[in-house]
Amino acid sequence: MGNAVLQSIHVHPVKAFRGISLRQAVVEPWGLSGDRRWALIDDGGKVVTQREQPRLALAAAELVPGGGLRLSAPGRESVTVPVPEPSGTVPVNIFGTKVEAVLAEDAASAWCADYLQADVRLVHLDDPATRRPIDPDFALPGETVSFADGYPLLVTTVSSLDALNSLMAQGDHAHEGPLPMDRFRPSVVVAGTEAWAEDDWSRLAVGDVVFRVAKTCGRCVVTTTDQGTAERGREPLRTLARHRRFGTDLVFGQNLVPTSPGTIRVGDPVRILD
């Protein structure tokens, strides 16, 4: 494990939109800086993801100076979205948990609604330090998270993806593989480990930043969505169901919570502490 390194860093400025690869990122208590501070909600306030709208995979959100966004999608003029003034909040339902967030300007929501042909609005998480606690079954007091599914970061490993693709190649839907890592929408990707080594991690350091492993990551239908075409298949869930079932979860990757601040950089050494 002495040669494990951080291979890549990914942020998703708007939840469910395409990710951005970075050379370095600031680690905040609730996740990587700029990651999943924005999300779409439906007319009932429920967060909209690729589970319901796979075409979100084709929409891009670029971070602009000052914290705003530039949204783009195939066949659409791009639109720049400023961070909204926190003059009031609206309730957001994210997987059954109520969180307060601030509505983006009407033009931004209209752009998103027109793209999806659905009644959606864009919201911004103005205060990630207080708005959304992590599941208390897996959190320490005071830990919070952005609009990520449940935890500040997700780590995956190159060797485990290689192993999964080898297993897929032996299955009924081998024509769907090999799959790229973006199917799993990780925050950080580690190279130089044994396959599935992350199953046994409980604490790790990336450069000088320390993380604890909160729990394994159970996977959903989003992993079956081609992030380049928005088309859905059967893999990797079929292969995960055969080889990576942990209780009721089909597992790939580990959820992380930072325990120290700092900046991580591609090429940083990764050390397993516990």
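For the structure, check the block above.
Positions within a chain are numbered from 1, following the residues in the order the chain's sequence is written. Where totals are concerned, whole chains, interfaces and linings use all residues; where local detail is concerned, this predicted model gives features only for residues with pLDDT of at least 70, and gives and counts side-chain atom pairs only at 80 or more. Think of the side-chain values as coming from all heavy atoms in the structure, minus any hydrogens and water.

### Details of the pattern of salt bridges
- Salt bridges are defined by distance alone: a side-chain nitrogen of Lys or Arg within 4 Å of a carboxyl oxygen of Asp or Glu. Counting across every chain of the model gives 12 salt bridges.
- Of the charged contacts in the structure, one is a salt bridge between Asp149 and Lys15, with a shortest N-O distance of 2.5 Å. Highlighted residues: Asp149 in the loop between strand 12 (121–124) and strand 13 (153–157) and Lys15 in the loop between strand 1 (5–11) and strand 2 (20–22), separated in sequence by 134 residues.
- For each residue, the accessible area found with a 1.4 Å probe, counting protein chains only, is set against the maximum for its type, and the residue is called buried under 20%, exposed over 50%, and partly exposed in between. A relative accessible area of 4% means that Lys15 is categorised as buried. Numbering of helices and strands runs from the N terminus; a helix is a DSSP stretch of H or I covering at least four residues, while a strand is a stretch of E covering at least two.

### Regarding the side chain of Asn255
- Here Asn255 is to be found in strand 18 (residues 249–258).
- Pairs of N or O atoms are called polar contacts if they sit within 3.5 Å, as long as, within protein, a hydrogen donor faces a hydrogen acceptor (for residues adjacent in sequence, only side-chain-to-side-chain pairs). At a separation of 3.3 Å, a polar atom in the side chain of Asn255 contacts the main-chain carbonyl oxygen of Thr216.
- Any two residues whose heavy atoms approach within 4.5 Å are treated as being in contact. In contact with Asn255, other than residues within four places in its own chain, are Tyr151, Leu153, Leu154, Arg212, Val213, Ala214, Lys215, Thr216 and Cys217.

### Topic: unusual backbone geometry
- Note that the residue after Gly177, namely Pro178, is joined by a cis bond; omega there is -5 degrees.
- In this fold, Pro178 is placed in the loop between helix 2 (158–169) and strand 14 (188–191).
- The omega torsion across Glu235 and Pro236 is 10 degrees, close enough to zero to call that bond cis.
- By the element assignment, Pro236 lies in the loop between strand 16 (209–218) and helix 3 (237–243).
- If you check the backbone angles, Ala16 has positive phi at about 85 degrees while not being a glycine.
- Along the chain, Ala16 turns up in the loop between strand 1 and strand 2.

### Here's the deal with the sheet that holds strand 19 (residues 262–265)
- If DSSP finds at least two bridges between two strands, the strands pair. In space, the 3 strands of this open sheet follow the order 4-3-19, with antiparallel pairing throughout. Looking at the sheet topology across the chains shown, the edges are occupied by strand 4 (31–32) and strand 19.
- In this sheet, strand 19 lies alongside strand 3 (residues 24–28) in antiparallel orientation, the contact comprising 4 bridges. Looking across to strand 19, one finds that Ala25 is bridged to Ile264.

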